[in-house]
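Read off the chains here:
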Amino acid sequence: MDMRTSCLCLINVILLAGTACGLQITSTGPTSIEKASGETVKLDCQFTLAADDSGPLDIEWSLQPSDNQKEEKVVIVYSGDRAFEHYYDPLKGRVHFNSPDPKNGDASMNIMGLKATDTGTYQCKVKKVPGIGSRKFLLTVMVRPSKPKCYAEGQTHAGKDMVLRCISAEGTQPLQYEWERTTGNKLLPPQAVLDPVGGTMSLRNATDAASGTYKCIAKNRVGREECMVEVNITQPPNNGGIIAAGVICTLLFLILLALLLFCCCRARNKKKYEKEISYEIREDVPAPKSRVSTARSFTSVGSQRSSLGSMSPSNMHEYTKSQYDKIPSDEYERPPSHAPIPPPSRMAGPNLSRMGAIPVMVPAQNRDGSIV
C-alpha cells in the first residue's frame, strides 16, 4: 500500500513538472556562428507549446547591446498573427522569419546580405502565457580577403637581396599569407625567408635558380584570394662600360659645343667686318688725287701763268688748245677698286681749298682768242 502510494505521488510530480515547464525552445544547433560578408545566415529557434499555454503568441528578435547600460534593439516581431519586419533600419529589407507562419513552432530568423556591421548577439524570445523561452546567438560577420597585390621590391640582379610582397587591402583579421612556386620544381629557394603575417618573402643573395613564377595566397577563416608575381634574376650590368660610354658622350657634347661657339663667333666677326667695309665704300664720290700730284699740277699751272703775259692772242689759242687736249694720265692715281673711274666732276672752291689747292686767276678770252 505504501509503495503504491509512493508511485502515484511520483507520477503526479512528473506531470506537475512537465506542466510547469510549459513552452520550450527545442533547437540544439551551435549558438556561435561565423559567416562571410554577403552570405545569408539562419538563426535557428524552434519551440514547442504546453497544453496550459493558452495566451497569445509573441515572438521577438532583438540585438543585445555590448554595453549593459544601453538598451536592446528590436529587430523583428511576430504578434497577433502578424509579422513586423521593419523595426531595425540597418537590417531593413534584409531580415525575415524563416517560416511564413511562425506559430507552428518555427521562430527562426534569416538575415541576408550580411555586413561586418551585423556582428553582434541576437536573442530569440518566444512567449505564450504562462510559458516563455529564449535563446541567444553570437553572430560574427567576417570579411573575405580582397584580391592581394603582389610585386617585387629591390634589385633583381644575381647576388643582390630582394623582397616579394603580398598585400590584401581588405579582410577580417587575422589574415595569413602563404607563398608557393608554380614553375620549375615548385620548391621555394633555400635562401627564402617567409613572414606569414606581413606577407613577405625575402630572397637574400639571389641566384638565377630563384627565377620563376610565385603565387601568394591571402586567407582567413571565411575565404581566400591569390595573386601571381614573376621573378627574373639577371646578371649585374657592366659598370665599367657604362662609365666609359658616359665619358665619351660628355666629350662629344663638349666638342660639339665648342664648334658651335666657334662658328657663332666667326659669323659675328664676319658680319661686323662687312658692315665696316660698307661704311668705307662711297659709290657716288670718286677717289681724290694724292696731295703730291695736286701740288705738282698746281705748280705747273703757276709756271704757265707766268708765261701767259708774254703770249700773244695767236699763240695763246694754240697753247690753250694743246693744254686742254692733254689727258693727265700720270698725275691721277687709280683707286684701289677695279671698277672704272668715273669722269671728274666740277668741285666748288671751298672744297679745293680744303684739299690744299692754290687759287689761280685765268684771264678771260674772246672768241677770236684775244685776252679781255
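Residues numbered from 1 in each chain as written. Predicted model: local features only at pLDDT ≥ 70, side-chain atom pairs only at ≥ 80, totals over all residues. Heavy atoms only, no water.

A. Molecular detail of the environment of A107. Take A107: it is sitting in the loop between β8 (95-97) and β9 (109-111). Sequence separation between A107 and C124 is 17 residues; the distance between their C-alpha atoms is 7.7 Å. Excluding its chain neighbours within four sequence positions, the residues that come into contact with A107 are C45, F47, I59, W61, F97, C124 and V126. (Helix = DSSP H or I, 4+ residues; strand = E, 2+ residues; numbered from the N terminus. Contact = heavy atoms within 4.5 Å.)

B. View of the layout of surface pockets. In this model, the second largest pocket occupies a volume close to 190 Å³. When contributions to the lining of the second largest pocket are tallied by element, the ones reaching two or more residues are β5 (57-64) and β10 (120-128). Each residue belonging to the lining of the second largest pocket can be placed in one class, and the counts come to three nonpolar, four polar and three charged. (1 Å grid on protein atoms, 1.4 Å probe; cavity = no way out; pocket = protein on both sides within 12 Å on 5 of 7 lines; lining within 4 Å. Points joined across faces, edges and corners; volume = space filled by probe spheres on them. Nonpolar A, V, L, I, M, F, W, Y, C, P; charged D, E, K, R; others polar.)

C. Representation of the UniProt feature "transmembrane region" (unreviewed entry) in the chain in the model. Mapped onto this numbering, the UniProt entry annotates "transmembrane region" (unreviewed entry) at residues 242-265. The straight-line gap between the two end C-alpha atoms of residues 242-265 is 35 Å; of that span, 100% is helix and 0% is strand. (UniProt positions renumbered as here; feature names shortened; annotations may be inferred.)

D. Highlighting unusual backbone geometry. Following V129, the chain continues to P130 via a peptide bond in cis, the omega torsion being 5°. The topology assignment puts P130 in the loop between β10 and β11 (131-142). That bond from Q173 to P174 is cis: its omega, 5°, falls within 30 degrees of zero. With a phi close to 55°, N205 is a non-glycine residue in the positive phi region.

E. Structural view of the packing of aromatic side chains. Under the definition given, this model contains two aromatic pairs. With a centroid separation of 6.3 Å and an interplanar angle of 85°, the aromatic rings of Y78 and F97 are classed as edge-to-face. Residue Y78 is found in strand β6 (residues 73-79), and its partner F97 is found in strand β8; the two are separated by 19 residues along the sequence. Taken individually, Y78 and F97 each receive the classification buried, so the pair is uniform in this respect. (Phe/Tyr/Trp six-rings, centres within 6.5 Å; stacked < 30°, edge-to-face > 60°. Buried < 20%, exposed > 50% of the residue type's maximum accessible area, 1.4 Å probe, protein only.)

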